[in-house]
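Structural characterization, general
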Amino acid sequence: MKYIRYESKDFIGTLTINRPEALNALNGETLSEISQTLGEITSAGLRCLVITGGGEKSFVAGADIREMLNLMPQNAREYSKTGNRLMNAIDDFPAPVIAAVNGYALGGGFELALACDIRMASENAVFAFPEVSLGILPGYGGVKRIAALIGAARAKDLLFTARRITAAEALSLGIVNSVHPQAELMGEVLKTAAKIAGNAPLGVGNVKKAANAVAGLTAPQFTEREAALFQECFGTQDQRNAMSAFLEKRKPAPFTGACTTVTMPTEL
Ligand code: CAA
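This section reports on the structure supplied with the text.

Cut-offs and rules
Residues numbered from 1 in each chain as written. Predicted model: local features only at pLDDT ≥ 70, side-chain atom pairs only at ≥ 80, totals over all residues. Heavy atoms only, no water. Helix = DSSP H or I, 4+ residues; strand = E, 2+ residues; numbered from the N terminus. Buried < 20%, exposed > 50% of the residue type's maximum accessible area, 1.4 Å probe, protein only. Contact = heavy atoms within 4.5 Å. Areas by Shrake-Rupley, 256 points an atom, 1.4 Å probe, with all protein chains shown as cover. Near = heavy atom within 4 Å. Polar contact = N/O pair within 3.5 Å; in protein donor to acceptor, adjacent residues only side chain to side chain. Nonpolar A, V, L, I, M, F, W, Y, C, P; charged D, E, K, R; others polar. Pairing = 2+ DSSP bridges. Axes fitted to C-alpha atoms, helices over the stretch in contact; angles between N-to-C directions. 1 Å grid on protein atoms, 1.4 Å probe; cavity = no way out; pocket = protein on both sides within 12 Å on 5 of 7 lines; lining within 4 Å. Points joined across faces, edges and corners; volume = space filled by probe spheres on them. Domains from an automatic or database assignment. Salt bridge = Lys/Arg side-chain N within 4 Å of Asp/Glu carboxyl O.

What follows concerns the overall build of the protein chain. Helices and strands together make up the secondary structure of the protein chain, namely 11 helices and 10 strands. Across the 268 residues that make up the protein chain, the buried fraction comes to 42%. Of the contacts made within the protein chain by residues no fewer than 6 positions apart, 68% connect residues no fewer than 24 positions apart. As displayed, the protein chain offers around 14100 Å² of accessible surface, 58% of which is attributable to carbon and sulfur atoms.

Next comes the structure, spelled out in structure tokens:
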């Protein structure tokens, strides 16, 4: 891969967008390398994925403006859909995804961070939707996601004015979960990732599915969906082991993530 670095350890994957000469701007090749990487790691038993930017200055400085300059309208439509497919794939990634926002998160970079489940930022992070200052609008699903996250009025302020906000303001708006000195960001992100990875993978994966389903379903539909996800967790080795361990006042065995139902002695 030219613009992506990927490594994994202890069930935690780290995907680094590494195109520092353009502050990690997303050109077509970078988008397709991220998609390919996500496709390859989806079934790798990962329990948490971290996405960050290479270098110390930028998470992602947006979609590639050089590439968009002469885009014809019909191609722009496809350009938006391609970006949206990637953001939706992050939303639907089976394990939680943490954005480690280590600098500029502008335009498509802000949208990428918003597609992640959790955002942790360095003190030097800067967020903005500069699209209207470039004659366009955010095209990777950021409008929907920012409005869902902070409410329509606050979202429209950012979308209409294109103003830049600091990590501290992003924290106060509820856009980021936490802010850290730049040198400590990855350590803190990996601590959070390790906490997630230490929990039952099926429970974590299914609670992500439930949380993501809230917006699109009616209350009765959500109840059905939640019950089905709840049901899936029962009878698994992880559920039986963890609950037995609690009742027997001992530490549970490490979670395996196995989805198959175990037969317990009481059922023989
Ligand atoms: N696309 C292409 N190249 C970019 C880029 C982008 N989004 N952002 C930065 N670069 C390039 C610059 O052109 C420059 O390249 P050269 O060295 O070849 O000139 C290099 O990265 C370094 O950038 P600067 O010299 O500008 O660095 P700076 O420190 O002075 O400024 C910055 C940093 C404030 C992030 C500034 O680069 C900037 O404003 N970038 C554009 C941000 C932006 O508008 N993003 C939104 C794009 S639109 C979008 O994302 C649409 C969508 O929703 C799909």
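After that view of the structure, there is still more to cover.
As a further point, take the site of the ligand. As a matter of local geometry, the ligand sits amid 25 residues, with Lys-57, Ala-63, Gly-108, Glu-111 and Glu-131 nearest to it. Between the ligand and the protein, one listed contact pairs an oxygen atom with a backbone N or O atom of Gly-139 at 3.1 Å. When the free accessible area of the ligand is taken as 980 Å², the share hidden by the protein chains comes to 67%. Listing elements by their share of the shell around the ligand, those giving two or more residues are helix H2 (65–68), strand S6 (104–106) and helix H4 (108–115). For the shell around the ligand, the leading source of residues is H2, giving 3 residues. Residues that form the shell around the ligand fall into these classes: 14 nonpolar, 4 polar and 7 charged.

Hydrogen bonds between backbone atoms are what pair the strands of a sheet, whose relative direction is either parallel or antiparallel. Spatial ordering of the open sheet is given by S1-S2-S3-S5-S7-S10, a layout of 6 strands whose pairing is mixed. Edge positions in the open sheet fall to strand S1 (4–9) and strand S10 (178–180), since each of these has one partner strand only. Geometrically, the sheet is characterised by an average inter-axis angle of 20° between neighbouring strands, direction not taken into account. Note that strand S3 (residues 48–53) and strand S5 (residues 97–101) share 4 bridges and pair parallel. Bridged to Val-50 within S5 is Ile-98. Lying over the sheet, helix H1 (residues 28–41) contacts S1, strand S2 (12–17) and S3, oriented at roughly 20° with respect to S1.

Our focus in this paragraph is the layout of surface pockets. As a volume, the largest pocket reaches approximately 620 Å³. As for the largest pocket, its lining consists of 22 residues, of which Asp-91, Cys-116, Asp-117, Ala-211 and Asn-212 are closest to the centre. Listed by contribution, the elements that provide at least two residues to the lining of the largest pocket are helix H3 (73–91), H4, strand S7 (118–122), helix H5 (142–150) and helix H9 (201–213). Split into classes, the residues belonging to the lining of the largest pocket amount to 13 nonpolar, 2 polar and 7 charged. If you count residues domain by domain, the lining of the largest pocket takes at least three from each of domain 1 (4–197) and domain 2 (200–268). Taken together, 23 residues line the second largest pocket, and the ones lying closest to its centre are Ala-63, Met-68, Glu-131, Ile-136 and Leu-137. Of all the secondary structure elements, the ones that give two or more residues to the lining of the second largest pocket are H2, H3 and H4. Considering each element in turn, the lining of the second largest pocket owes the most residues, 4 residues, to H3. Tallied by class, residues from the lining of the second largest pocket come to 15 nonpolar, 5 polar and 3 charged.

Moving on, we come to the pattern of salt bridges. Applying the stated criterion to the full structure yields 8 salt bridges. The shortest N-O distance in the salt bridge between Asp-117 and Lys-208 comes to 2.8 Å. With Asp-117 in the loop between H4 and S7 and Lys-208 in helix H9, this pair connects stretches of sequence that are 91 residues apart. Between Glu-169 and Arg-163 there is a salt bridge, with the nearest N and O atoms lying 2.8 Å from each other. In this structure Arg-163 comes out as partly exposed when scored by relative accessible area, which is 29%. Through salt bridges that share partners, Asp-157, Arg-163 and Glu-169 make up one connected network.

With that out of the way, let us pick up the sheet that holds strand S8 (residues 126–128). The strand order across the open sheet built from 4 strands is S4-S6-S8-S9, with neighbouring strands paired in mixed fashion. Looking at strand neighbours, the two that pair on one side only are strand S4 (58–60) and strand S9 (165–166), the edges of this open sheet. With 2 bridges joining them, S4 and S6 adopt parallel strand pairing. The residue of S6 that forms the bridge with Val-60 is Ala-105.

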